[in-house]
Amino acid sequence: VSQAFPLPSLPRKQPTVLVVCGPAQNGAIGLVCARHLRIFDYEPTIFYPKRSPDPVYRDFTTQCEKMDIPFLSYLPTEVQLINDAYNAVVDAVLGAEAEAAEGREPCAAILATLKHVRIPIVSLDVPSAGWDVEAGSSGGISPDVLVSLSAPKQCARRFLGRQHFVAGRFLPYDVQKKFELNPPEYPGTECVVALRAPR
Amino acid sequence: QEEAQAIDQELFTDYKFSVDQLMELAGLSCATAIAKTYPPSSFTTSQPSVLVVCGPGNNGGDGLVCARHLKMFGYQPTVYYPKRPNKPLFEGLTTQCQKMDIPFLPEFPAEAAVIDELYGLVVDAIFGFSFKGAVREPFGSILSTLQRITVPVASIDIPSGWDVEQGRADGLQPDMLISLTAPKKAALRFTGRYHFLGGRFVPPALQEKFALNLPPYPATDCVLQLT
């Protein structure tokens, strides 16, 4: 997020970012992301309607709350309110592991709203729902920025947005080789690498 | 020392951070500071070989995480970990290193000259800020050997063997110190070339509560060079 939208470049006076977190692992990653955004001096706000019972994820929630990151009690359906209040939205609703049936509500309603926002969307790992992990599809969120975790997923081929990053610099070499991942080289000690857009 | 322990307590009890989370961020900071200061290209050994000496507690755990990230950054770390706690956290970290082909030495190099020959840098992850009292073996002999090597030593949080507040004039004098969370009192007596701050996870409210007055980290970096 900070590479795609550096603090000095933000259009709004306050460096606000809305982080929308789904009920499973993708949502938990969103919580961790929000915490680091706060440390980086952004002003994240979280919308986390369906909280995971997993104790590790509950602790992530506590860490955010104790860092004075506000949690919205509802997502405005009036899209203009979101456009006006935030510089960008982080879509941490559903990940690659999500099945079509999982968490239908409130995810479906959230995604319906997010489809219409005009501020940039950063999707974590895969653009949430509407996208089949393998095939990709239209009808869902079209993010400006995609952050593929560990390695790009099949559906990333259909990504049409501005910037594609790979993050999650922790894959041991033998795992990379075993799954023939051929990940790009990370520069120096960076934990994020921008992929060149395919011509 | 008490203040550092109090901050840790609050991070775990009130903020509900897990030891794993903070140790991962701490170890990553150490590897990052090392990579910025001693890049692989600067090594005179044929490979950028680093010896990571891990003690029996959390400082050792930080060392294991650091070794793993050094491997990801292109170094060839080797670990010496003689006293391993029987806890899943440390067992997990050890396995992660082993599965990444990071060798674990069965014994500590007998002489300083051997270390100088084989490695371009030593990471001291033996004792941290909870250290009190006398240095137990095998660490006493290890530390005396480390005092005789000529390759640089990077200490995690506190140069091992130092009193956490007073330092130790006749103890290890590392080239680099990576203070975690905030510098400890002993850091005032640090005489090496490079002092970094790492462990960029202290919430602003906690920084204020303990009046840490930490200088700002650059951008999204996880380390800050103090000297």
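Bear in mind the structure is a predicted one, so any value in this text is a computation, not a measurement.

> In this structure, what is going on with unusual backbone geometry? I would like to understand it.
Glycine aside, negative phi is the norm for most residues, and most peptide bonds take the trans geometry. Looking along the chain, the bond that leaves B:Glu137 and enters B:Pro138 is cis, with omega of 5°. With respect to the element layout, B:Pro138 can be found in the loop between strand S3 (121-125) and helix H6 (139-148). In the Ramachandran plot, A:Glu180 falls in the positive-phi region, its phi being about 50° despite a non-glycine side chain. Residue class for A:Glu180 comes out exposed when judged on its relative accessible area of 65%.

> Sorry if this is basic, but what is going on with the UniProt feature "domain: YjeF N-terminal" (unreviewed entry) in chain B here?
Residues annotated in UniProt with the feature "domain: YjeF N-terminal" (unreviewed entry) correspond here to residues 4-214 of chain B. Structurally, residues 4-214 of chain B comprises 37% helix and 14% strand, and the distance from its first C-alpha atom to its last is 14 Å.

> When you look at the nonpolar core in this model, what are you seeing that I'm missing?
A:Val19, A:Leu31 and A:Ile46 are the most contacted members of the largest nonpolar core, which has 46 residues in total. For this core, the elements supplying multiple residues, two or more each, are strand S1 (16-21), helix H1 (25-39), helix H2 (55-66), strand S4 (88-92), strand S5 (121-124), strand S6 (145-149) and strand S7 (163-167) of chain A together with helix H1 (2-13) of chain B. Here the element with the most residues in this core is H1(A); it accounts for six residues. When sequence neighbours within four positions are dropped, the list of residues in contact with A:Leu31 reads A:Cys21, A:Ile46, A:Tyr48, A:Tyr57, A:Phe60, A:Thr61, A:Cys64 and A:Phe71.

> Honestly, the sheet that holds strand S2 (residues 43-47) of chain A in this entry has me stumped. Any pointers?
Strands belonging to one sheet form pairs held by backbone hydrogen bonds; the direction of such a pair is parallel or antiparallel. Residues and elements named next belong to chain A. One open sheet holds the eight strands; their spatial order is S3-S2-S1-S4-S5-S6-S7-S8, and the pairing between them is mixed. Only two strands of the sheet have a single partner each, and these edge strands are strand S3 (71-72) and strand S8 (192-195). Two strands pair when backbone bridges link them, and S2 and S3 are joined in this way by two bridges, in the parallel orientation. The partner of Ile46 across the bridge, within S3, is Phe71. Contacts from H1 reach S1, S2, S3, S4, S5 and S6 within the one sheet, and its direction differs from that of S1 by about 160°.

> Help me out: how do you make sense of the pairing of S3(B) in this one?
Residues in a regular strand point their side chains to alternate faces of the sheet. Residue and element names in this part refer to chain B. In terms of residue burial, S3 counts as a mostly covered element, since five of its five residues are buried. Side chains Leu121, Val123 and Ala125 of S3 all project onto a buried face; the interleaved residues Val122 and Asp124 project onto the opposite face, where all are buried too. Of the strand pairs in this sheet, strand S1 (residues 49-54) and S3 are connected by five bridges, and their pairing is parallel. Looking at S3, one finds that Val50 is bridged to Leu121. Sheet analysis places S3 next to strand S4 (residues 153-156), joined by three bridges and oriented parallel. Along S4, the bridge assignment pairs Asp124 with Ser155. Following the chain from S3 across H6 to the adjacent parallel S4, one finds a crossover that is right-handed.

Cut-offs and rules
Residues numbered from 1 in each chain as written. Chains lettered and ligands numbered in written order. Predicted model: local features only at pLDDT ≥ 70, side-chain atom pairs only at ≥ 80, totals over all residues. Heavy atoms only, no water. Helix = DSSP H or I, 4+ residues; strand = E, 2+ residues; numbered from the N terminus. Buried < 20%, exposed > 50% of the residue type's maximum accessible area, 1.4 Å probe, protein only. UniProt positions renumbered as here; feature names shortened; annotations may be inferred. Core = buried A, V, L, I, M, F, W, Y, C linked by side-chain atoms within 4.5 Å. Contact = heavy atoms within 4.5 Å. Pairing = 2+ DSSP bridges. Axes fitted to C-alpha atoms, helices over the stretch in contact; angles between N-to-C directions. Right-handed = clockwise from strand over helix to strand, strands pointing away.

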